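# Geometric and topological summary
Take a look at the letters that make up each chain.
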Amino acid sequence: MAPTTCLCIGFLLLLGHGSMAELQAERGLGLEPVAPSSGCEFTFDKLQPLEPLPKLKAEAGTVEHFNDTNHQLSCAGVSLIRVVVDSRGLVLPSFTNGGALIYAIKGSGFVGVTFPGCPETPYSHLKEGYVATVPAGDSVWIYNDAGKPLEMLVLFTTSGKANKLWPKNRDFNLAGSSENGRKNIFNGFTAESLSESLGISQFLATKLQDPKPQGTTLLTAYDFPALKLVGLSIERGALKPNASNASPVYNSNAQLVLYVTGGSFGRLQVVDNRGIAVFDGVLRQGQPLVIPQYYVALAQAGKDGAQYVVFKTDAYPVTNYIAGWGSVLRSFPVGVIAAAYNVSTADAIKIKNSGGGGASVKLVGSYA
């Protein structure tokens, strides 16, 4: 079965109608529960209601966590928050390491979920009693266009096979920053690297902080079914001397092991969910580097170019590009970009269309 190139459909359901299980399974993002750890053995012996913790005030509303001292939620493999978005408030774009369900308690607004490979993802109207589903690794934004607050419950799953990163929820912010010092992922890259990669000015690159790959081939279980038996896939690629990959990139359902087979990466940056570069340096021939699931990478080849292979821990890997055709930025409405990064409409259009043609991947059945 050939992979679907663009899943541009609305993930908005009226509670009790429809199921996403079949589509999740097809994308390799099934949310099958896993057995609880031994530390959860006595957690369910005495159940108790959870009380809300003090509200965290944000610029456009509030976020409320729950006091889970008995670890009931974590042992169930989920986390839960209550979000209230003020009128005309925007929940800035982000993605997480687990799938999520958003239930609208009161009010209404728009929700947009970005799917890999979709240049223009439609957004849906979320209103009281409706549920929006957000697959792991897909970015989401929410805007309250109504005159009253939008109140939502958001449940994150952390125990499904879609999450290989960490047994709790992690948010990767694509815009803004938080009071606890967490920054968005663009802060982990230098303005110079972003400017060159996205084809925008360094000024616009700094606003994102508050040519395409050559010869890339990907071998998956779609083309070589035996890979499904081992749950792995492999990508081979090359960059010309001093060239950068067209966009910061992350994989939403696989850990990566990058190995340089020839030349070097003169600079490779890997950014985590705090917006901090956990690696920023040279990667030479013969050196492997682990890039965790959801961590965003941006690479520039050395003076002799770079040839590499990437082993991925899923037979059906899902790759997400931040810029370019079919990318995260390309799918956001201009108004969301302008509000998220505090730029003019003209500059928002430049950011939306950054990255040129984006990255292209050729699916092959075997390696020559």
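With an unreviewed UniProt entry as reference, the protein is termed Cupin type-1 domain-containing protein, source organism Urochloa decumbens.

All right, on to the overall build of the protein then. Looking only at helices and strands, the protein has eight helices and 23 strands in total. Roughly 16,900 Å² of accessible area belongs to the protein as shown, and the carbon and sulfur atoms make up 58% of that amount.

Our focus in this paragraph is the packing of aromatic side chains. Taken as a whole and judged by the stated rule, the model has five aromatic pairs. Look at Phe 95 and Tyr 250: their rings are 4.0 Å apart centre to centre, the planes differ by 5°, and that puts the pair in the stacked class. Relative to Tyr 316, the ring of Tyr 222 has its centre 4.6 Å away and its plane inclined at 65°; by these criteria the two rings are edge-to-face. Of this pair, Tyr 222 sits in the loop between β15 (214-219) and α5 (226-230) while Tyr 316 sits in the loop between β21 (296-312) and β22 (319-321), and the two are 94 residues apart along the sequence. Following the ring pairs from residue to residue traces out a cluster consisting of Phe 95, Tyr 250 and Tyr 294.

In this model, the protein carries a mean pLDDT of 75, and residues with pLDDT of at least 70 account for 76%. Mean pLDDT across the secondary structure elements of the protein bottoms out at strand β23 (residues 362-363), with 29, and peaks at strand β19 (residues 277-284), with 91. pLDDT under 50 marks residues 1-11. Its contacts with residues more than four places away, or in other chains, come to 29 contacts.

Okay, the pairing of strand β20 (residues 288-291) next. The alternating pattern of β20 places Leu 289 and Ile 291 on a buried face, while none of Pro 288 and Val 290, on the opposite face, is buried. Bridge count between strand β18 (residues 256-271) and β20: four bridges; the pairing is antiparallel. Paired with Val 257 across the strands is Val 290, a residue of β20.

Attention now goes to helix α7 (residues 334-341). Taken as a whole, α7 has its buried residues at Val 336, Ile 337, Ala 338, Ala 340 and Tyr 341. Against the buried residues of α7 lie β7 (90-96), β12 (140-143), α4 (202-209), α6 (328-331) and α8 (345-352). Looking one or two residues beyond α7, the residue adopting positive phi is Asn 342, at roughly 55°.

For the rest of this paragraph, the subject is the environment of Leu 329. Structurally, Leu 329 is set in helix α6. For Leu 329 and Ile 351, which are 22 residues apart along the polypeptide, the C-alpha to C-alpha distance reads 7.3 Å. Every residue in contact with Leu 329, bar those within four places of it in the chain, is listed here: Phe 186, Ile 322, Ala 323, Ile 337, Tyr 341, Ile 351, Lys 352 and Ser 354.

What follows is about the packing of α4 against α8. At a minimum axis separation of 11 Å, α4 and α8 run at an interaxial angle of 85°. By the angle class used here, α4 and α8 are roughly perpendicular. Residues Phe 203, Leu 204 and Leu 208 of α4 form the contact with α8, whose own contacting residues are Asp 347, Lys 350 and Ile 351. In terms of residue class, the contact of α4 with α8 is made up of four nonpolar, no polar and two charged.

With five of seven residues buried, strand β16 (residues 233-239) lies mostly within the body of the structure. Where β16 and β21 come together, seven bridges link them in antiparallel fashion. Paired with Glu 235 across the strands is Val 310, a residue of β21.

Under the criterion given, the structure shown has eight salt bridges. In this structure, Arg 82 engages Glu 64 in a salt bridge whose closest nitrogen and oxygen atoms are separated by 3.1 Å. Pair noted here: Arg 82 is in strand β6 (residues 78-85) and Glu 64 is in strand β4 (residues 61-64), with a separation of 18 residues, a long-range link. Overall, the relative accessible area of 18% leaves Arg 82 in the buried class.

This next bit is on a nonpolar patch on the surface. Taken together, the side chains of Val 257, Tyr 259, Val 290 and Phe 311 present a nonpolar region at the surface, about 330 Å² in accessible area. Summarising the element assignment, Phe 311 is placed in strand β21. Phe 311 sits in the partly exposed class, given a relative accessible area of 41%.

It is worth spelling out unusual backbone geometry at this point. Positive phi outside glycine occurs at Asn 242, with the angle close to 65°. Position of Asn 242 relative to the elements: it lies in the loop between β16 and β17 (249-251). Backbone geometry at Asn 342 places phi at a positive 55°, although glycine is not the residue there. Mapped onto the elements of the fold, Asn 342 is located in the loop between α7 and α8.

Reading guide: rules and limits
Residues numbered from 1 in each chain as written. Predicted model: local features only at pLDDT ≥ 70, side-chain atom pairs only at ≥ 80, totals over all residues. Heavy atoms only, no water. Helix = DSSP H or I, 4+ residues; strand = E, 2+ residues; numbered from the N terminus. Areas by Shrake-Rupley, 256 points an atom, 1.4 Å probe, with all protein chains shown as cover. Phe/Tyr/Trp six-rings, centres within 6.5 Å; stacked < 30°, edge-to-face > 60°. pLDDT = per-residue confidence, 0-100. Contact = heavy atoms within 4.5 Å. Buried < 20%, exposed > 50% of the residue type's maximum accessible area, 1.4 Å probe, protein only. Pairing = 2+ DSSP bridges. Axes fitted to C-alpha atoms, helices over the stretch in contact; angles between N-to-C directions. Parallel < 35°, antiparallel > 145°, perpendicular 65-115°, else oblique. Nonpolar A, V, L, I, M, F, W, Y, C, P; charged D, E, K, R; others polar. Salt bridge = Lys/Arg side-chain N within 4 Å of Asp/Glu carboxyl O. Patch = residues over 30% accessible without salt bridge, like charges linked within 9 Å, V, L, I, M, F, W, Y side chains within 5 Å.

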